[in-house]
Amino acid sequence: MPINEEMVVSYVSALRKVILKENGGETGRLRLNRLGLNINKEGDKMFRIVLGDITKETVDAIVNAANTSLLGGGGVDGAIHRAAGPELLAECRTIHGCKTGQAKITKGYRLPAKYVIHTPGPIWNGGTRDEERLLRNCYENCLRLAAENDCQSVAFPSISTGVYRFPLNRAAEIAIRTIEEYLSTHAEIEQVSMICFDGTTLSAYQNALSEWEANHV
Ligand code: AR6
């Protein structure tokens, strides 16, 4: 039988899980690097950074950069509610909001994604209100909730960098570091995507990933 890319990716993914499980977290990751099996890089199957519209992503869960009411809004939140249909808002009404940095899950309804994980990011206030820690919490809590719900693929938008005005490069650095650290210590999630809506956002996340890799490989 001819070997195709999907077969290689699924083999590498299974092997990665075994190595992470046997060696635990960071040690496992370093071994993967040495073996040339670190598929956790931009453009490959483990961690993608792409230009796109998150409502079109066929993944187990997409993340919504929501507000604490969880009752919809503009930006990516508005786009997700429009694409999911009114059933999403109806379910959101039953879950009574969410604190900044925390996350709650609903079904995806008319979206190609099975679930939506809603997380209110911090509103930037010059860095005086613990915004960096809260943004880190958003990424961590979304990944944890995704794993608890057996999601293997998760797509994130650039949380807080639109209406909430979090400085883009700092937000990208926090997002990349948090996702990379989570993936290096947890094997359940196989693919994380950062879906960037414009070229400036895409460059910021690509640069943050290059910088992170330069310091960690
Ligand atoms: N797919 C991917 N990314 C998108 C999409 C899309 N369809 N649409 C916009 N973005 P924002 P925030 C990008 O403002 O800063 C809402 O009203 C956008 O270009 O949506 O966390 C909520 O209800 C930017 O890069 O979220 C809250 O009140 C990124 O998503 C508030 O905005 C985040 O921009 C949350 O503000």
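Residues numbered from 1 in each chain as written. Predicted model: local features only at pLDDT ≥ 70, side-chain atom pairs only at ≥ 80, totals over all residues. Heavy atoms only, no water.

K.L.:
Explain the layout of surface pockets to me, using residue names and the numbers behind them.
P.N.:
Counted as a void, the largest pocket has a volume near 640 Å³. Counting residues per element, the ones that place at least two in the lining of the largest pocket are β2 (61–66), α3 (75–84) and β6 (191–196). Per-element accounting of the lining of the largest pocket gives the leading share, five residues, to α3. The class makeup of the residues in the lining of the largest pocket is 12 nonpolar, 12 polar and four charged. (1 Å grid on protein atoms, 1.4 Å probe; cavity = no way out; pocket = protein on both sides within 12 Å on 5 of 7 lines; lining within 4 Å. Points joined across faces, edges and corners; volume = space filled by probe spheres on them. Helix = DSSP H or I, 4+ residues; strand = E, 2+ residues; numbered from the N terminus. Nonpolar A, V, L, I, M, F, W, Y, C, P; charged D, E, K, R; others polar.)

K.L.:
Describe the pairing of strand β4 (residues 115–120), naming the residues involved and giving the relevant values.
P.N.:
With six of six residues buried, β4 is to be regarded as a mostly interior element. Going residue by residue along β4, you find Tyr 115, Ile 117 and Thr 119 tucked away on one face and Val 116, His 118 and Pro 120 tucked away on the opposite face as well. Where β2 lies against β4, six bridges are found, and the strand directions are parallel. The residue bridging Ala 65 from the neighbouring strand is Thr 119, located in β4. Pairing geometry for strand β3 (residues 104–107) and β4, over four bridges, is antiparallel. When the sheet's bridge partners are listed, Lys 104 is paired in β4 with His 118. (Buried < 20%, exposed > 50% of the residue type's maximum accessible area, 1.4 Å probe, protein only. Pairing = 2+ DSSP bridges.)

K.L.:
Please provide a residue-by-residue account of the side chain of Ser 153, values included.
P.N.:
Assignment of secondary structure puts Ser 153 in strand β5 (residues 153–156). Within the local environment of Ser 153, its side chain forms a polar contact with the backbone nitrogen of Asp 60, the two atoms lying 2.9 Å apart. Once you skip the residues sitting within four places of it in the chain, Ser 153 turns out to touch Val 59, Asp 60, Ala 61 and Gln 191. (Polar contact = N/O pair within 3.5 Å; in protein donor to acceptor, adjacent residues only side chain to side chain. Contact = heavy atoms within 4.5 Å.)

K.L.:
Explain the sheet that holds β5 to me, using residue names and the numbers behind them.
P.N.:
The strand order β1-β6-β5-β2-β4-β3 describes an open sheet built from six strands, whose pairing is mixed. In this open sheet, the two strands that pair with only one neighbour each are β1 (47–51) and β3. Pairwise comparison of adjacent strand axes, ignoring direction, gives a mean angle of 25° for this sheet. As defined by bridge partners, β2 adjoins β5 across two bridges and the pair is classed as parallel. Note on β5: the bridge partner recorded for Ala 61 is Val 154. Against the sheet, helix α5 (residues 131–148) contacts β2, β3, β4, β5 and β6, and its axis sits at roughly 155° relative to β4. Against the sheet, helix α6 (residues 168–185) engages β1, β5 and β6, with an angle of about 150° to β1. (Axes fitted to C-alpha atoms, helices over the stretch in contact; angles between N-to-C directions.)

K.L.:
Outline the environment of Thr 55, supporting the account with residue identities and numerical values.
P.N.:
Assignment of secondary structure puts Thr 55 in the loop between β1 and β2. The exposure class of Thr 55 is buried, given its relative accessible area of 8%. Thr 55 sits 57 residues away from Pro 112 along the chain, and the two C-alpha atoms are 7.5 Å apart.

K.L.:
Residues and numbers for the packing of aromatic side chains, please.
P.N.:
The full count for this structure, using the stated rule, is two aromatic pairs. Relative to Phe 156, the ring of Tyr 139 lies with its centre 4.8 Å away and its plane at 40°, an arrangement referred to as tilted. Here Phe 156 lies in strand β5 and Tyr 139 lies in helix α5, a separation of 17 residues in the sequence. Among the residues examined, Tyr 139 registers a relative accessible area of 0% and is labelled buried. With relative accessibility at 0%, the residue Phe 156 sits in the buried group. (Phe/Tyr/Trp six-rings, centres within 6.5 Å; stacked < 30°, edge-to-face > 60°.)

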